[in-house]
Amino acid sequence: MKNKALVLIILVFIVGTIIVYARPKKQGNNKQPELIELTFAENKIQPFPKVIAIAQQKGFFKDQGLEVKTVSFTSGKEALNAMLANGAQIAEVAETPLVFLGFTDQSVQIFANITEGYNNKILARKDRGINSHSDLKGKKIAAPKGTSAEFALNEFLRVNQMSMKDIEYTNLSPLAMPSALAKGGIDAYAIWEPHVNTGQKLLGNNAIVFPIETSVYENSFNYVAKKDWLNNNSEVVEKFLRAVINTETYITEHPDESLKISADYMGLDEEILKTFKDDYKIKIRLETKPLVELMGRVGTWINNQKPEAERKVLPDYRSQINGTFLKAVDPARIQ
Amino acid sequence: MKKYVLIGPAIVLLLWIFFSVFKLANPLFLPSFFDAIASLFNLFRSENIFSHIWATLYKTLVGFLIAAVFGIPLGLLVGYYVKLYKSFEVVIDFFRSLPGTALFPLFLLIFGIGDGAKIATAVFVSVWIILINSAYGVLHSPKLRQKVATTFGASKLQIFYDVVIMDALPQVFIGLRTALSISLVVVIVSEMFIGSKFGLGQKIYDFYLTYETAKLYAILIITGLLGYLLNKLFLSIERKIVHWVGK
């Protein structure tokens, strides 16, 4: 009997707790104005510091009346696809997937750039006789096909009086690169962080890094959305931009805290992030001319890789950039 | 019965045509059926598609054969000696629960970036399926036939070859057929995620990357047909070898 009574008491306690915590909370007189819900699709690793995570944590979105939910992916292209499939309203993506998309669909527009600086690097093995740029000639170099890293490698070779024909190009996924280099299956690879850092750790003193400077290629990270959605939600877009600009200021003023929030959010070691934190910085802006020029270069590169019969006329990339919203928020950030 | 075989594919095709004609899906994700078929013909005409099919098929078959060479004898042995099965049950269950694709980085370190890592992944995933099915085939074989053979004076080796293996064979073939399909899946996934010069998985990834969805669907059709034909071919071999099953 005692046991039954004890079980009954525990059950009543559990049910009571569930009822108390599950019931909707009374808003009373402190009712907050309703927040506008927005879903944001992102690559969880790139770019960092993670503007959205910091804005969420520090309440910059709430200040603007926004409730931003994130859906995370392993690449910007997947984030873009999620947005195209109406799984999100805004996505964060580099220019390469946008240029690929532009050949078949021009319904997406860039409304702000996120970063300034360089992102791609070449990591090589010194024991293969690689000590300078020119030593890469004739070497087996990997890059993931059709990504900004492959384009970066292409541009790096071009400015160093070489071409892809001067190397033995290997298509390899970022995941496979560090171990392939450590094993010696390749002599070098071009990629973004943190994959360079991972390879460096494996190679130790045998590693040599060639950063692909902005003068060679500055890949862009961008906020994008569908044209229709942008046109019908200008107020929301402007609120979003105000929030991320406030976050940019916060990141500048609190770099360590921003790094910590990003590391926690990305699930990466803070010390790893510190090793490449100065490669680029968060800067919300929109530089139309260099962006159009860059997209044109990428578009031409993509076209040139296709058989002549399959090459397409490059779209007008200016129509894929929309500065209206940033101009309304902070005209100084538009060029 | 044969006339019913086409009903399922016909329904799928009609649904596809219906969805694309009435634009119920974004063409970026679901191209028109006719565009996909046109792309299929173009791929055979303009691209070296047979090299890609062969590259995938080669890795699938090599992975499958290696897995069979190790999986069948080990499975039969483990099934025949119950104590051996009990000793290794935890080890077998542990390894077969590991997702093979999670071992890409490890296999890359061991086998490098060539076909080795992809074949090794296929072997790893397939071998447990074959081993477990072979062991179950032996474990669940009727013991009465073994007792009868013993009564007639058959040696342990004779019983193992002529009774146990024969009884286990249908289950062994179920394992082999499942492993063949899984081997194809794993090879395609590894081609997509490790990267390679030739292979259907690489082509799927290329067309995904470039938003050439009609071509992507064309490769998916080829991949599906390849899997279907492999299964059909294997079934016909199975019917010849274990001809007594179902009779």
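Coordinates for the structure precede this section.
Quantities reported herein were computed from a predicted structural model and do not represent experimental measurements. (Residues numbered from 1 in each chain as written. Chains lettered and ligands numbered in written order. Predicted model: local features only at pLDDT ≥ 70, side-chain atom pairs only at ≥ 80, totals over all residues. Heavy atoms only, no water.)

Undergrad: What am I meant to see in the overall build of chain B here?
TA: Along chain B, the regular secondary structure elements total ten helices and zero strands. Its helices and strands in sequence order give chain B the pattern α-α-α-α-α-α-α-α-α-α, from N to C terminus. Dimensions of chain B, computed from C-alpha atoms along their principal axes, come out at roughly 70 × 50 × 30 Å. Of all 247 residues assigned to chain B, the portion counted as buried reaches 45%. (Helix = DSSP H or I, 4+ residues; strand = E, 2+ residues; numbered from the N terminus. Buried < 20%, exposed > 50% of the residue type's maximum accessible area, 1.4 Å probe, protein only.)

Undergrad: Sorry if this is basic, but what is going on with the interface of chain A and chain B here?
TA: Interface size is often expressed as the accessible area that is lost when the parts come together. Contact residues are listed per partner, giving 26 residues for chain A and 23 residues for chain B. Approximately 2,100 Å² of surface area, both sides summed, lies buried where chain A meets chain B, with 61% of it carried by carbon and sulfur atoms. For Lys-215 of chain B, the salt bridge is made with Glu-310 of chain A, and the minimal N-O distance between the two is 2.8 Å. On inspection of chain A and its partner chain B, the count reaches twelve residue pairs in polar contact (both at pLDDT 80 or more). Of all the secondary structure elements, the ones that give two or more residues to the side of chain A that touches chain B are helix 4 (76–84), helix 5 (95–102), strand 7 (168–171) and helix 7 (177–183) of chain A. The element best represented in the side of chain A that touches chain B is helix 4 of chain A, accounting for five residues. Taken together, the residues of the side of chain A that touches chain B sort by class into eleven nonpolar, eight polar and seven charged. (Contact = heavy atoms within 4.5 Å. Buried area = accessible area lost by both parts, 1.4 Å probe. Salt bridge = Lys/Arg side-chain N within 4 Å of Asp/Glu carboxyl O. Polar contact = N/O pair within 3.5 Å; in protein donor to acceptor, adjacent residues only side chain to side chain. Nonpolar A, V, L, I, M, F, W, Y, C, P; charged D, E, K, R; others polar.)

Undergrad: For this particular structure, what's the right way to read the packing of aromatic side chains?
TA: Ring pairs (aromatic) are described by centroid distance and by the angle formed between their planes. Evaluation of the coordinates by the stated rule reveals 32 aromatic pairs over all chains. Clustering of aromatic rings is evident, with ring pairs tying together Phe-94, Phe-95, Phe-107, Phe-111, Phe-124 and Trp-128 of chain B. Seen from the ring of Phe-103 of chain A, Lys-306 of chain A lies directly overhead, with NZ or CZ sitting 4.8 Å from the centre. (Phe/Tyr/Trp six-rings, centres within 6.5 Å; stacked < 30°, edge-to-face > 60°. Lys NZ or Arg CZ within 6 Å of the ring centre and 35° of its normal.)

Undergrad: Sorry if this is basic, but what is going on with the packing of helix 5 of chain A against helix 13 (residues 288–304) of chain A here?
TA: Between two packed helices, what matters for the description is the angle formed by their axes and the separation of those axes. Residue and element names in this part refer to chain A. Closest axis-to-axis distance for the helix 5/helix 13 pair is 9 Å, and the angle between their directions is 60°. On the basis of the axis angle, helix 5 is oblique to helix 13. For the pair helix 5 and helix 13, the crossing hand works out as right-handed. Counted together, Glu-95, Thr-96, Leu-98, Val-99 and Phe-100 of helix 5 and Leu-294, Met-295, Val-298, Gly-299 and Ile-302 of helix 13 form the full contact between these two elements. (Axes fitted to C-alpha atoms, helices over the stretch in contact; angles between N-to-C directions. Parallel < 35°, antiparallel > 145°, perpendicular 65-115°, else oblique. Left-handed = near helix turned anticlockwise from the far one by under 90°.)

Undergrad: I tried to follow the packing of helix 2 (residues 51–58) of chain A against helix 10 (residues 234–253) of chain A on my own but got confused; where do I start?
TA: Residues and elements named next belong to chain A. Put simply, helix 2 and helix 10 touch, their axes get as near as 9 Å, and they point 95° apart. Our classification of the angle between helix 2 and helix 10 gives roughly perpendicular. Together, Val-51, Ile-52, Ile-54, Ala-55 and Lys-58 of helix 2 and Phe-240, Val-244, Thr-247, Tyr-250 and Ile-251 of helix 10 make up the contact between the two elements. Looking at the contact of helix 2 with helix 10, its residues break down into eight nonpolar, one polar and one charged.

Undergrad: Help me understand the side chain of Ser-173 of chain A, please; the structure alone is not making it clear to me.
TA: For Ser-173 of chain A, the position within the fold is in the loop between strand 7 and helix 7. At a separation of 2.4 Å, a polar atom in the side chain of Ser-173 of chain A contacts the main-chain carbonyl oxygen of Phe-193 of chain B. Aside from chain neighbours lying at most four places away, what touches Ser-173 of chain A is Phe-193 and Ile-194 of chain B.

Undergrad: I tried to follow the environment of Asp-35 of chain B on my own but got confused; where do I start?
TA: Tracing the chain through its elements places Asp-35 of chain B in helix 2 (residues 33–46). Spatially, the C-alpha atom of Asp-35 of chain B lies 9.3 Å from that of Tyr-217 of chain B, the residues being 182 residues apart in sequence.

Undergrad: Mind showing me how you'd approach the sheet that holds strand 10 (residues 221–226) of chain A here?
TA: Strand pairing in a sheet is mediated by backbone hydrogen bonds. Such pairs are either parallel or antiparallel. Residues and elements named next belong to chain A. Read from one edge of the open sheet, six strands run 2-1-3-10-4-11, paired in mixed fashion. Here the strands that pair on one side only, and so sit at the sheet edges, are strand 2 (66–73) and strand 11 (280–285). The mean angle between the axes of side-by-side strands here comes to 25°, regardless of whether they run parallel or antiparallel. (Pairing = 2+ DSSP bridges.)

Undergrad: Sorry if this is basic, but what is going on with the pattern of salt bridges here?
TA: Two side chains of opposite charge can pair, provided their charged atoms sit close to one another. Residues and elements named next belong to chain A. One pass over the structure, following the stated rule, counts 31 salt bridges over all chains. Of the charged contacts, one joins Lys-283 and Glu-116 as a salt bridge, the two residues approaching to 3.7 Å between their closest N and O atoms. Here Lys-283 is found in strand 11, whereas its partner Glu-116 is found in strand 4 (residues 108–117), with 167 residues between them in sequence. By relative accessible area, Lys-283 is classed as partly exposed at 32%. Residue class for Glu-116 comes out partly exposed when judged on its relative accessible area of 26%.

Undergrad: Could you clarify how one ought to interpret the pairing of strand 4 of chain A in this entry?
TA: Residue and element names in this part refer to chain A. The element strand 4 is largely enclosed, with a buried count of nine among its ten residues. Of the strand pairs in this sheet, strand 4 and strand 10 are connected by five bridges, and their pairing is antiparallel. From the neighbouring strand, Asn-113 faces strand 10, where its bridge partner is Asn-222. With four bridges joining them, strand 4 and strand 11 adopt antiparallel strand pairing. Bridge pairing in strand 11 places Thr-115 opposite Ile-282.

Undergrad: Explain the pairing of strand 10 of chain A to me, please; I cannot follow it from the model alone.
TA: Regular strands have side chains that alternate between both faces of the sheet. Residue and element names in this part refer to chain A. Of all six residues in strand 10, five are buried; the element is thus mostly enclosed. Inspection of the sheet shows strand 3 (residues 90–94) paired to strand 10 by five bridges, in the antiparallel sense. Bridging from a neighbouring strand, Val-93 pairs with Asn-222 of strand 10.

Undergrad: Explain the nonpolar core here, please?
TA: In summary, soluble globular proteins display a tendency toward joint burial of nonpolar side chains. Counting residues in hydrophobic clusters, the biggest one holds 83 residues, and the most contacted among them are Leu-80, Phe-111, Tyr-223, Phe-240 and Ile-284 of chain A. Considering every element that reaches this core, the biggest residue donor is helix 10 of chain A, with nine residues. Here Phe-240 of chain A is in contact with Leu-38, Phe-40, Ile-52, Phe-61, Leu-66, Ile-90, Phe-111 and Tyr-223 of chain A, once residues within four sequence places are set aside. Listed in part, the 81 residues of the second largest apolar core include Ala-207 of chain A together with Ala-36, Ile-113 and Val-187 of chain B. (Core = buried A, V, L, I, M, F, W, Y, C linked by side-chain atoms within 4.5 Å.)

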